[in-house]
Amino acid sequence: MWDFETDPEYQQKLDWVEEFMVDELEPLDLVALDPYDKKNPETMATLRPLQQQVRDHGLWAAHLKPELGGQGYGQVKLALLNEIVGRSRWAPSVFGSQAPDSGNAEILALFGTPEQKTRYLEPLLAGEITSCYSMTEPQGGSDPGLFVTRAERDGDSWVINGEKWFSTNARHATFFIVMAVTNPDARTRDKMSLFIVPAGTPGVEIIRNVGVGTESHATHGYVGYTDVRVPADHILGGEGQAFAIAQTRLGGGRIHHAMRTIALARRAFDMMCERAVSRQTRMGPLSNFQMTQEKIADSWIQIEQFRLLVLRTAWLIDKHHDYQKVRRDIAAVKVAMPQVLHDVAQRALHLHGALGVSNEMPFIKMMIAAISAAPSSRPTGCGTSRMLPSRDFWSATGRRSSRPIKVFRSSWASRPTALSEERWKTVFRTPSPASS
C-alpha cells in the first residue's frame with residue numbers, strides 16, 4: 001500500500017522538532033563552540049540539557065535499533081526527521097545521530113566483541129565521546145585498491161604504519177577506527193582489516209588539521225601512524241573483513257547524508273523565496289520577474305524530485321533490511337545529491353546579489369559542500385564535467401561498458417581552456433576483467 005502521509009503520533013514529534021530547531025538549535029550555529037568537542041566542558045554543558053529534551057521526546061539516536069538505545073523507527077521516519085535536523089550544525093550531536101559516530105556505532109554494534117562494545121560503543125551511544133573513521137589516504141583517496149597503510153602481526157599485537165587523509169574529527173576523537181592492509185597478496189576486498197586505536201596510543205600523530213572551504217573548524221585530520229601498537233583483540237570483525245564492514249557502514253551513511261542535504265536545500269529555497277518577495281527594484285519586487293519565478297520553480301521541482309527519490313530508497317531499505325539489495329538506489333541518491341544542493345544554493349546566492357557571496361549568508365558554504373561531495377560521485381579525471389554515476393552505480397546496474405559517454409561541462413566550469421575547449425568531451429570506460 002502506498003501512503004504519503006505520516007502517522008499523527010509521529011507527526012506530533014516532527015512538529016516539536018521544528019519548534020525545537022528554531023528556538024534552541026539554529027541559534028547555536030552562531031556561537032563559536034564546536035559540538036563535536038566532547039572534551040570541552042562548556043560544550044558538554046550546552047549539549048546535555050538539550051540531549052535530555054530529545055530523549056524525553058523519544059527521538060534520541062533514532063537511527064539505531066531499540067536494543068542499542070535507539071528508537072527503531074526505520075529509514076522512512078528517519079528521513080522525515082533528518083530533513084528537519086539537517087539545517088543545524090548542532091542538531092546531529094543533540095539528537096545522537098552525528099557522523100561519523102553514527103556509522104561507527106553501527107559497525108561496533110554489528111561486529112564488535114562484548115569488550116569492544118563496553119569500552120567504546122556504550123560511551124559513544126551515550127554521547128560522552130567522539131570517534132573517528134580513518135580510512136582514506138593521501139595517495140589513494142577512497143579507493144581501497146590503492147591503500148598502503150599496513151598492519152602487521154607481532155605476537156599478541158598488531159603494529160600499524162602509514163598515513164591517513166581527511167580523518168574527520170581526528171582532533172576530538174577518543175578512538176580511531178583505522179583501515180589497514182593485513183594481507184597484501186589477497187584481492188582488494190579481502191586484504192584489509194579494521195582496527196580500533198585509542199587516541200592516546202604512542203605513534204598516533206595528527207600532522208595537521210584541514211578545513212573544507214570556509215569551515216571555521218578545521219577538523220579533517222591528516223594522521224600519521226608510526227609503529228602504532230594495539231592489542232590483537234582490537235581488530236574489528238575479523239582479519240580481512242574491512243571491505244565488507246565498510247560497505248555496511250557506507251550504505252546507511254550515504255542515505256542519511258542525503259536526508260540531511262534535503263534540509264540544506266530547503267533552507268536555501270526558503271531564503272530564496274523570502275528574498276524574492278522582500279527585495280524591491282525600480283520595477284517592483286524581484287518576485288515579479290519571470291526569471292526569478294523560473295529559478296524558484298526549478299528549485300522546487302529539483303528538491304521535490306530528489307526528496308521522493310530519497311524517501312523511496314528509504315522505504316526500500318525498510319522493506320528489504322539489506323543495503324546490498326538497495327545499492328543501486330543508494331548510488332543514484334549519492335550521484336543526484338550534490339547537483340541538487342549546488343543548483344538550489346547557486347540560484348539563492350544569485351538572487352541575494354553581493355550579500356549572497358558574503359560570509360553572512362550560508363550559500364558559499366552550501367556550494368562548497370555540494371562540490372566536495374561531487375568528487376566521490378564521478379571518475380577521476382573528469383575535471384569540469386557534470387557529476388557522473390559512481391562505480392557503485394555502474395556495478396549495481398551492470399551497465400559498465402567501453403562505449404563512450406557524452407559529458408556536458410557543468411554550469412560552474414571556468415572559461416574554456418586547453419583541456420576544456422570543446423563543449424562535449426568523450427570519456428571511455430574500460431570494462432574490468434570481472435565484468436568483461
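Model, not experiment: these values are computed from the prediction.

**Q** What is the right way to read the packing of helix α5 (residues 101-111) against helix α6 (residues 114-125) from this model?
**A** Geometrically, a packed helix pair is captured by the angle between its two axes and the distance between the axes. Contact geometry of α5 with α6 gives a least axis separation of 10 Å together with a crossing angle of 145 degrees. Note that α5 runs across α6; the crossing there is left-handed. Contacts from Asp101, Asn104, Ala105, Leu108, Ala109 and Phe111 in α5 reach Gln116, Lys117, Tyr120, Leu121, Leu124 and Leu125 in α6. When grouped by side-chain class, the residues that make up the contact of α5 with α6 number eight nonpolar, two polar and two charged.

**Q** Just to check I follow, could you spell out helix α10 (residues 363-373) for this structure?
**A** In an α-helix, one turn spans 3.6 residues, which is why side chains three or four residues apart end up on the same side. Restricting attention to buried positions, one finds in α10 the residues Phe363, Met366, Met367, Ala370 and Ala373. The buried residues of α10 occupy an angular sector of 130 degrees when the element is viewed end-on, so they sit on one face.

**Q** How should unusual backbone geometry be read in this particular structure?
**A** If a residue is not glycine, its phi is most likely negative; likewise, a peptide bond is most likely trans. Here the amide bond leading from Ala99 into Pro100 is cis, since omega sits at 0 degrees, within 30 degrees of zero. For Asn169, which is not a glycine, the phi torsion comes out positive at approximately 70 degrees. Within the fold, Asn169 resides in the loop between β3 (157-168) and β4 (175-181).

**Q** Got a minute to help me understand the packing of aromatic side chains in this structure?
**A** One pass over the full model with this rule turns up eight aromatic pairs. Put simply, the rings of Trp16, Phe20 and Phe95 pair up and form one aromatic cluster. For the cation-ring pair, Arg55 lies above Trp60, with the distance from its terminal atom to the ring centre recorded as 4.0 Å.

What counts and what doesn't
In this convention, every chain numbers its residues from 1, walking through the sequence in written order. Owing to the predicted nature of the model, reporting of local features is limited to residues with pLDDT of at least 70; listing and counting of side-chain atom pairs is limited to 80 or more, with chain, interface and lining totals taken over all residues. Here the side-chain values reflect all heavy atoms present in the structure, with hydrogen atoms and water set aside. In this analysis, axes come from line fits to C-alpha atoms, helices being fitted only over the stretch in contact, and the angle between any two N-to-C directions falls in the range 0 to 180 degrees. Numbering of helices and strands runs from the N terminus; a helix is a DSSP stretch of H or I covering at least four residues, while a strand is a stretch of E covering at least two. Handedness of a helix crossing follows the sense of rotation of the near helix relative to the far helix, less than a right angle counterclockwise being left-handed and clockwise being right-handed. We call two residues contacting when some pair of their heavy atoms lies within 4.5 Å. In the scheme used here, Gly and all other residues not listed as nonpolar or charged are polar, with Ala, Val, Leu, Ile, Met, Phe, Trp, Tyr, Cys and Pro taken as nonpolar and Asp, Glu, Lys and Arg as charged. Whether a residue is buried, partly exposed or exposed follows from its accessible area with a 1.4 Å probe, protein chains only, as a fraction of its type maximum: under 20%, in between, or over 50%, in that order. Relevant arc is that of directions from the helix axis to the C-beta atoms, nothing else. Ring pairs are drawn from Phe, Tyr and Trp, using the six-membered ring of Trp, whenever the two centres fall within 6.5 Å, and their geometry is named by plane angle: stacked under 30 degrees, edge-to-face over 60, tilted for the rest. A ring is considered to have a charge above it if a Lys NZ or an Arg CZ atom is located within 6 Å of its centre and within 35 degrees of its normal.

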